[in-house]
Amino acid sequence: MTDNKTSRPDSDRPRTATVVRPEIQALRAGAALLVVLYHLWPVRVPGGFTGVDVFFVISGFLITSHLAREATSTGSVRLGRFWARRARRLLPAAYLVLASSAVAVFIWIPQIHWVQNFREILASALYFQNWRLALDAVDYLAADNSPSVALHYWTLSVEEQFYVAWPLLMLLGLAIAARLKTRRLTVMTAVVMVATVSSFAYSLWLTYHTGPFAFFSTFARAWEFGAGALLALATAHAAAGRRRVRTLNPRVGAAISWAGLAALLYCGLRFSGSTAFPGTAALLPVLATVAVIAVGVPQTRLSPQRLLKLRFVQWTGDISYPLYLWHWPPIVILPFALGHPLGFEPRIAILVGTFAAAAFTKRFIEDPVRTGRRLGIQRTSVTFGLSLVLAMALAATCLGGIRHADAASERAQKVSERVKSDTPRCFGAASRVPGEPCDNPELDGLLVPDTTAVIKDDANYPGCKATNVITTTCVFGDRTNRTVPRVVVIGDSHARSLLPAFVRLAKQHKVLVTGHVKAGCPWSSNTYTGPNHAIAEECYQWRDSVNDWLKANADKIDIVVTTALSSTRALGSEQRRIAGYAETWRPVTERGTPIVVIKDNPSHAKNTNDCLTLKTTITPDSCATPRGKAFASFDALTLATKVVPGTRIYDFTHYYCNETSCPAVIGGVNVYRDRTHVSNTYMTTLSPYIYARLDQDSLLERRTG
């Protein structure tokens, strides 16, 4: 996403004239279209995200070409001048789109999403958005976050970090060359080679162990810039050596160019979200881009030059940067503004509108700032000063939005606490007791907690944060009371969602509860699949430590309670998945400890709170999901209880669903924090009914000393 101009020097001295390279212009156009079409029609163009890799290679090539010419001819790099040029080129359009997006958030985005959106706008304005997303990518609790209006700025953050680091790398090469008294270009190439190979090796390792983090990591992406940089340095070596480079046969060059373009199209159509990326998969779009740049536009009838030089292609390449900036915010905002998901017509409107906005931005924002003389903008100090002012203005806007949202959330939480402290009749699960119809008109239209506060209404108890081993601090109740039964809750985040029900019982001195819970880790011997191998390994270690603890404390446990997200990923056949639970549970039941398996709660296709925020009136059927779509078609957890003696299944579905649907609001309570996790408030109202079932089955009698 840099200037698409470079000279073709035949000596180590830079030329003043520059030419537009049509193959680079076309690559930028194709890269931008891949990303835009991927976001608009992800099923049709599932690998369009590889357009980003094309941009990275181009940036590495062009920037290194400029830096190498300056470094070899002057022996230095003027950092201030370089960074100021980048600021004038990139910041005006970037900040315009961020400011527009912030205004749109205030107008159309529900307050439940304000904190996330403004934090990401702030991160984008300061160019560390990729690291915020990288951390969220490995945070299970952030997995259900709705995409923000600034999600796509992660690529710009990576590029800006490259622009900061790369000239410093060039200076390092120059310093080493001066010390060794050898050729500057040779040393710079060696330094870039080491950095590129190191980054690629790290990318392979990180993609395998922590795929989502690797996707956003600057260090795992640096080799893509390095690939373009090495091509630029190879070109510079040939020019600096004042020797004629052997001309590539035009037909061979044409074949390479076509092959590169075909490879990029293949990546866009055949790669998908399940492709481990970047890793080795990124080699294809990176090398394809390098190949197309390397051969240029072969002058032969078989060359793709007609395609590359099409007026629309060249124009799209010219506006590719603002095109990339503008395309994403309306995809996020329009569903809220329209009150329904995007259909075909709105997507076409976004596509057309994005081109119009990009053309306007290029003509009236980018070019005037980049080349204009008003306000002394070409002076480095003025550029930095104005950039700082714009960044501070955006930061102030974002911080104000965050504070406003936090204040609204705190007010909503206080309302919730008042309602819960004086619990109304038929509140929450009490409205759905089988055989006991309960209706309280005072609950009509009530939503506790409301959509601004529900995100914090979770079971994320500080003492229950397990890593790769179990925690011993997730205990609730009086440990000295030997008369109450010892209950152990084990499992993933859905098991953790059960904790509020048992914590309430512990506060009532009815049980002593210990939680061994870890997000994304069901209590099973199954092998789980996913892009994050490091977290999978943590799950296996945690599971082993739980099993060891259960064996060592068997005489202190009266009941084990477990559940899991029924649609969780697992390798193997359905029978293998059933066996995975059975193998884990059987040693516990054989030691005489009963296991209560609670059937998983309903899941929804989308966060029910997004739907509730659009409702002017809350009714019992607001944002309900058809019952047939709310449960996984195959539930290994439930089926495993049929093959393990000493286990039993508790099905509380009737507290979540009626005969036809599963509502988002029950008895005035907001049931879900997100798509699948039950709110703390609703789970607490379910507490007496879980206790009654345990008591009915005589499981609350002390069995241990």
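This text follows the structure it describes.
Residues numbered from 1 in each chain as written. Predicted model: local features only at pLDDT ≥ 70, side-chain atom pairs only at ≥ 80, totals over all residues. Heavy atoms only, no water.

Describing the overall build of the protein
Then, number 1: Scanning the protein for helices and strands turns up 22 helices and twelve strands.
Then, number 2: The globule rule puts the C-alpha radius of gyration for 705 residues at 27 Å, and the 30 Å found for the protein is close to it.
Then, number 3: Over its C-alpha atoms, taken along the principal directions, the protein stretches across nearly 90 × 50 × 50 Å.
Then, number 4: In the protein, the proportion of contacts linking residues at least 24 apart, taken out of those at least 6 apart, comes to 79%.
Then, number 5: When the accessible surface of the protein is totalled, it reaches about 31100 Å², and 58% of it is carbon and sulfur. (Helix = DSSP H or I, 4+ residues; strand = E, 2+ residues; numbered from the N terminus. Rg over C-alpha atoms; globule rule 2.2 N^0.38 Å. Contact = heavy atoms within 4.5 Å. Areas by Shrake-Rupley, 256 points an atom, 1.4 Å probe, with all protein chains shown as cover.)

Notes on the sheet that holds strand 5 (residues 512–517)
Sheet strands line up and pair through hydrogen bonds in the backbone, either parallel or antiparallel.
Then, number 1: In spatial order, the strands read 3-5-4-6-7-9; together these six strands make up an open sheet with mixed pairing. Bordering the open sheet on either side are strand 3 (475–476) and strand 9 (647–650), each of which pairs with just one other strand.
Then, number 2: Relative to strand 7 (residues 595–598), strand 6 (residues 559–563) is paired through three bridges, and the arrangement is parallel. Along strand 7, the bridge assignment pairs V561 with V596.
Then, number 3: Packing of helix 17 (residues 493–507) onto the sheet brings it into contact with strand 3, strand 4 (486–491), strand 5, strand 6 and strand 7, and relative to strand 5 it is tilted by some 165°. (Pairing = 2+ DSSP bridges. Axes fitted to C-alpha atoms, helices over the stretch in contact; angles between N-to-C directions.)

Digging into the state of the cysteines
Then, number 1: Under the defined criterion, the tally for this structure stands at five disulfides.
Then, number 2: Residue pairing for C426: its cysteine sulfur links by disulfide to C438, the two sulfurs lying 1.7 Å apart. A torsion of -80° about the S-S bond marks the disulfide between C426 and C438 as left-handed. Taken together, the positions of C426 in the loop between helix 16 (380–421) and strand 3 and C438 in the loop between helix 16 and strand 3 put the pair twelve residues apart, joining distant regions of the chain.
Then, number 3: Between C611 and C623 runs a disulfide, and the two sulfur atoms are separated by 2.0 Å. Taking the sign of the S-S torsion, -85° for the link of C611 and C623, the bridge is left-handed. In this pair, C611 sits in helix 20 (residues 608–612) while C623 sits in the loop between helix 20 and strand 8 (625–626), placing the two residues twelve residues apart along the sequence.
Then, number 4: Overall, C611 belongs to the partly exposed group, its relative accessible area being 28%.
Then, number 5: Should the bonded cysteines of the protein be numbered as they appear in the sequence, the pairing reads 1-2, 3-4, 5-6, 7-8, 9-10. (Disulfide = S-S within 2.5 Å. Buried < 20%, exposed > 50% of the residue type's maximum accessible area, 1.4 Å probe, protein only.)

A word on the pattern of salt bridges
Then, number 1: Per the stated rule, a full pass over the model turns up 13 salt bridges.
Then, number 2: Taking the shortest distance from any N to any O, the salt bridge between D318 and K362 comes out at 3.8 Å. Here D318 is found in helix 13 (residues 311–318), whereas its partner K362 is found in helix 15 (residues 344–371), with 44 residues between them in sequence.
Then, number 3: Judged by relative accessible area, which is 33%, D318 ranks as partly exposed. (Salt bridge = Lys/Arg side-chain N within 4 Å of Asp/Glu carboxyl O.)

Description of the packing of aromatic side chains
Then, number 1: Under the definition given, this model contains 33 aromatic pairs.
Then, number 2: Between F162 and W166, the aromatic rings sit 4.9 Å apart at their centres with planes inclined by 40°, giving tilted as the arrangement. Of this pair, F162 and W166 both sit in helix 6 (residues 154–180), four residues apart, which is roughly one turn of that helix. Across this residue pair, the class does not change: F162 and W166 are buried.
Then, number 3: Judged by centre distance (5.0 Å) and plane angle (25°), the ring pair of Y655 and Y689 falls under stacked. Taken as a pair, Y655 in the loop between strand 9 and strand 10 (661–662) and Y689 in helix 22 (residues 680–696) lie far apart in primary sequence, 34 residues in all. (Phe/Tyr/Trp six-rings, centres within 6.5 Å; stacked < 30°, edge-to-face > 60°.)

Things to note about the environment of P250
Then, number 1: Among the secondary structure elements, P250 is positioned in helix 10 (residues 250–270).
Then, number 2: If sequence neighbours within four positions are ignored, P250 has contacts with P298, Q299 and T300.

Observations regarding the packing of helix 1 (residues 22–40) against helix 13
Then, number 1: For the pair helix 1 and helix 13, interaxial distance at closest approach is 7 Å and the crossing angle is 75°. Considered as vectors, helix 1 and helix 13 are oriented roughly perpendicular to each other. Along its contact with helix 1, which presents P22, Q25, A26, R28, A29 and L33, the element helix 13 presents V313, Q314, T316, G317 and D318.
Then, number 2: Partitioning the contact of helix 1 with helix 13 into residue classes produces five nonpolar, four polar and two charged. (Parallel < 35°, antiparallel > 145°, perpendicular 65-115°, else oblique. Nonpolar A, V, L, I, M, F, W, Y, C, P; charged D, E, K, R; others polar.)

Regarding a nonpolar patch on the surface
Then, number 1: A cluster of nonpolar side chains, V103, F106, I107 and W108, forms an exposed patch at the surface whose accessible area comes to about 400 Å².
Then, number 2: Tracing the backbone through its elements, the reader meets F106 in helix 3 (residues 79–108).
Then, number 3: F106 sits in the partly exposed class, given a relative accessible area of 36%. (Patch = residues over 30% accessible without salt bridge, like charges linked within 9 Å, V, L, I, M, F, W, Y side chains within 5 Å.)

A word on the pairing of strand 5
Then, number 1: Here strand 5 lies mainly inside the structure; six of its six residues are buried.
Then, number 2: Residues L512, T514 and H516 point to one face of strand 5 and V513, G515 and V517 to the other, with burial holding for every one of them.
Then, number 3: In this sheet, strand 5 lies alongside strand 3 in antiparallel orientation, the contact comprising two bridges. When the sheet's bridge partners are listed, F476 is paired in strand 5 with V513.
Then, number 4: Alignment of strand 4 against strand 5, held across six bridges, turns out to be parallel. Bridging across to strand 5, G491 finds its partner in V517.
Then, number 5: This β-α-β element, strand 4 to helix 17 to strand 5, shows right-handed connectivity. (Right-handed = clockwise from strand over helix to strand, strands pointing away.)

Honestly, that's just the spatial picture; any functional story needs more than this.
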